[in-house]
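# Structural characterization, general
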Amino acid sequence: DLTPRFVFWSDDQLALHRFIVKDMVPVFNRRNRQSFTGERMWHRRMRNTFDFLQQNNINLNWNWDSHVPQIMEKSLFKKIMKSVDYQKPPGYCVNTLYFGLAHTPPRLEQSLIKTTCEAERNYPFLPTERLFLGYNDAACRGNLLQLLQQYLPQTSIYEKSGIKI
């Protein structure tokens, strides 16, 4: 079960530095509905989420799926998730749905606290200047995982052990 306040954290992001969870504020991304034109599942979910919000008279020029951890309230989260058929394709983007329906104003733009690595390449160094790092499969096919393993040599208690890079 969820605690009264919990952190929604997906699998393609990690913290590079220590932080105080209770001090976190919602993080937004400047991309609006028109930015999501692709047919990838994530783009279709984002468009579906924007459309659902617009049907509920909520018009956003940003989204909340900034791929950083977000603090949520359990009672509001459950209420919101019951208001949609999440299993019906293409689904919804949880953070934008949650913060959009909560009428949360944008406060902290993701590029101020997160670096994104989405290219298959050999990075000369691990970008550690921001609190969070987001990545995708392409970045993992380059040397990003090796750099992360050097920077974070101990396995987190939250990840499976024995994964070979």
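Scroll up to find the structure this text is about.
Small disclaimer: the values here were computed from a predicted structure and weren't measured.

## A closer look at the overall build of the chain
The helix and strand inventory of the chain stands at 5 helices and 7 strands. Reading the chain from its N terminus to its C terminus gives the helix and strand order β-β-β-α-β-α-α-β-β-β-α-α. Taken over C-alpha atoms, the radius of gyration comes to 17 Å for the chain, in line with the 15 Å a tight globule of 165 residues would show. On the principal axes, the C-alpha backbone points of the chain span a range of 45 × 35 × 30 Å. Evaluated residue by residue, the chain yields a buried proportion of 40% over its 165 residues. Within the chain, residue pairs in contact and separated by at least 24 positions form 63% of the contacts whose partners lie at least 6 positions apart. In the structure as shown, the chain presents an accessible area of about 10,400 Å², 50% of it carried by carbon and sulfur atoms. Looking at the chain, you have 22 positive and 15 negative side-chain charges, and the mean spots of the two groups are 3 Å apart.

## With respect to the layout of surface pockets
By volume, the second largest pocket amounts to about 620 Å³. Together, 26 residues line the second largest pocket, and D12, R40, W42, D65 and H67 are the ones closest to its centre. For the lining of the second largest pocket, the secondary-structure elements that each account for two or more residues are α1 (41–55), α3 (94–101), β6 (114–117) and β7 (132–135). With 3 residues, α1 is the largest single contributor of residues to the lining of the second largest pocket.

## A few points about unusual backbone geometry
Leaving glycine aside, a negative phi is the common case for residues, and trans is the common case for peptide bonds. With an omega of 5 degrees, the peptide bond between P89 and P90 qualifies as cis. Despite not being glycine, H67 shows a phi value in the positive range, around 55 degrees. Here H67 lies in the loop between α1 and β4 (70–73). Phi angles above zero are rare outside glycine, and H103 is one such case at about 55 degrees. Position of H103 relative to the elements: it lies in the loop between α3 and β5 (108–109). Judged by relative accessible area, H103 falls into the exposed class, the value being 58%.

Analysis parameters
- Residues numbered from 1 in each chain as written.
- Predicted model: local features only at pLDDT ≥ 70, side-chain atom pairs only at ≥ 80, totals over all residues.
- Heavy atoms only, no water.
- Helix = DSSP H or I, 4+ residues; strand = E, 2+ residues; numbered from the N terminus.
- Rg over C-alpha atoms; globule rule 2.2 N^0.38 Å.
- Buried < 20%, exposed > 50% of the residue type's maximum accessible area, 1.4 Å probe, protein only.
- Contact = heavy atoms within 4.5 Å.
- Areas by Shrake-Rupley, 256 points an atom, 1.4 Å probe, with all protein chains shown as cover.
- Lys, Arg positive; Asp, Glu negative; His and termini not counted.
- Charge placed at Lys NZ, Arg CZ, Asp CG, Glu CD.
- 1 Å grid on protein atoms, 1.4 Å probe; cavity = no way out; pocket = protein on both sides within 12 Å on 5 of 7 lines; lining within 4 Å.
- Points joined across faces, edges and corners; volume = space filled by probe spheres on them.

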